[in-house]
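Per-entry structural report
The lines below spell out each chain.
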Amino acid sequence: ELFLGGTGMSSMGCHAVSRLLERTSCLRVISLPNCDMGDEEIGVLASSIRVNKTGLPLESIQLSFNNMTHKGLEALSNALWGSTTLKELKIDNNDIGDRGAHQIAAILPALKSLETLDVGFNSIKAPGINILMKAVADTDQIRSLSMSGNALDLPSARAVAYALAYNQSLTSIHLVHCSINPEAR
């Protein structure tokens, strides 16, 4: 397990971690929250994960509180596609927006072991929430989902209700600070 949260890794530190990811066959958890990583650094990490995909038994990736947008998430999504070991993906408090929500929705069917997904506080609006909730409704492995900090209007609240109605595995959903109006509740 590698925990380097709050280190403010420079590009050099990111490249060092990437070299480790390319060579190791025992790393299960990589936790890099609040490291001031942007899309370029996420892309470097994703490239290393992709290179060593079959030998790297990653169960948890934690990239919360960084500067990732949909561009960095696209690289990460491509690297994670088809992972058979990933159980937890925490990318909260970034700026992936609706395009990032679409990318997560696209890879969910290919992440058969993913149980925990945290996309809270990512500026996801109704269009992104709708497509993401449709994907969540169609999965049978997600147990915990955090959508906290993303505003839920009436259409997106309906999308969440749809996911809750059709997903049989979901046991926990977090909707803190979602600015849900009375009609949406």
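Look up a bit, the structure's there.
The structure reproduced in this document is the subject of the present report. (Residues numbered from 1 in each chain as written. Predicted model: local features only at pLDDT ≥ 70, side-chain atom pairs only at ≥ 80, totals over all residues. Heavy atoms only, no water.)

What about the overall build of the protein?
The helix and strand inventory of the protein stands at six helices and seven strands. Reading the secondary structure of the protein in the N-to-C direction produces β-α-β-α-β-α-β-α-β-α-β-α-β. Relative to the 2.2 N^0.38 estimate, which gives 16 Å for 185 residues, the radius of gyration of the protein is 16 Å and therefore close to what a compact globule would have. Along the first, second and third principal axes, the C-alpha set of the protein runs to 50 × 30 × 20 Å. Pairs at least 24 apart in sequence give 87% of the contacts found in the protein among residues at least 6 apart. Summed over all atoms, the accessible surface of the protein reaches about 8600 Å², with 53% contributed by carbon and sulfur. Here the protein carries 15 positive and 18 negative side-chain charges, and the mean point of each set is 4 Å from the other. (Helix = DSSP H or I, 4+ residues; strand = E, 2+ residues; numbered from the N terminus. Rg over C-alpha atoms; globule rule 2.2 N^0.38 Å. Contact = heavy atoms within 4.5 Å. Areas by Shrake-Rupley, 256 points an atom, 1.4 Å probe, with all protein chains shown as cover. Lys, Arg positive; Asp, Glu negative; His and termini not counted. Charge placed at Lys NZ, Arg CZ, Asp CG, Glu CD.)

Quick word on the nonpolar core
Grouped together as the largest cluster of nonpolar side chains are 52 residues, with contacts concentrated most on L89 and M133. Contributions of two or more residues to this core are made by α1 (11-23), α2 (39-51), α3 (70-80), α4 (97-107), α5 (126-137) and α6 (154-166). Not counting residues within four places of it along the chain, the set of residues in contact with M133 comprises L145, M147, A159, V160 and A163. (Core = buried A, V, L, I, M, F, W, Y, C linked by side-chain atoms within 4.5 Å. Buried < 20%, exposed > 50% of the residue type's maximum accessible area, 1.4 Å probe, protein only.)

Quick word on the packing of aromatic side chains
Following the criterion strictly, the structure yields one aromatic pair and no others. A ring pair is formed by Y162 and Y166, whose centres lie 4.7 Å apart and whose planes are at 45°; its orientation type is tilted. Taken together, the residues span about one helical turn, with Y162 and Y166 both in helix α6 at a distance of four residues. (Phe/Tyr/Trp six-rings, centres within 6.5 Å; stacked < 30°, edge-to-face > 60°.)

Comments concerning the environment of V51
Tracing the backbone through its elements, the reader meets V51 in helix α2. Taking C-alpha positions, V51 is 8.3 Å from A79, a pair spaced 28 residues apart along the chain.

What to know about unusual backbone geometry
Unlike most non-glycine residues, N93 shows phi in positive territory, near 60°. Inspection of the secondary structure assignment puts N93 in the loop between β4 (88-90) and α4.

Here we look at the side chain of S83
Secondary-structure assignment places S83 in the loop between α3 and β4. The class for S83 is buried, based on a relative accessible area of 12%. Side-chain polar atoms of S83 contact the backbone nitrogen of L86, separated by 3.1 Å. Once residues lying within four places of it in the same chain are set aside, the contact partners of S83 are A110, L111, K112 and S113. (Polar contact = N/O pair within 3.5 Å; in protein donor to acceptor, adjacent residues only side chain to side chain.)

Thoughts on the packing of α4 against α5
It is the contact of α4 with α5, at a shortest axis distance of 8 Å, that shows an interaxial angle of 10°. It follows that α4 is roughly parallel to α5 by the angle criterion. In this structure, α4 contributes D98, A101, H102, I104 and A105 to the contact, and α5 contributes P127, G128, I131, L132 and A135. Each residue belonging to the contact of α4 with α5 can be placed in one class, and the counts come to seven nonpolar, two polar and one charged. (Axes fitted to C-alpha atoms, helices over the stretch in contact; angles between N-to-C directions. Parallel < 35°, antiparallel > 145°, perpendicular 65-115°, else oblique. Nonpolar A, V, L, I, M, F, W, Y, C, P; charged D, E, K, R; others polar.)

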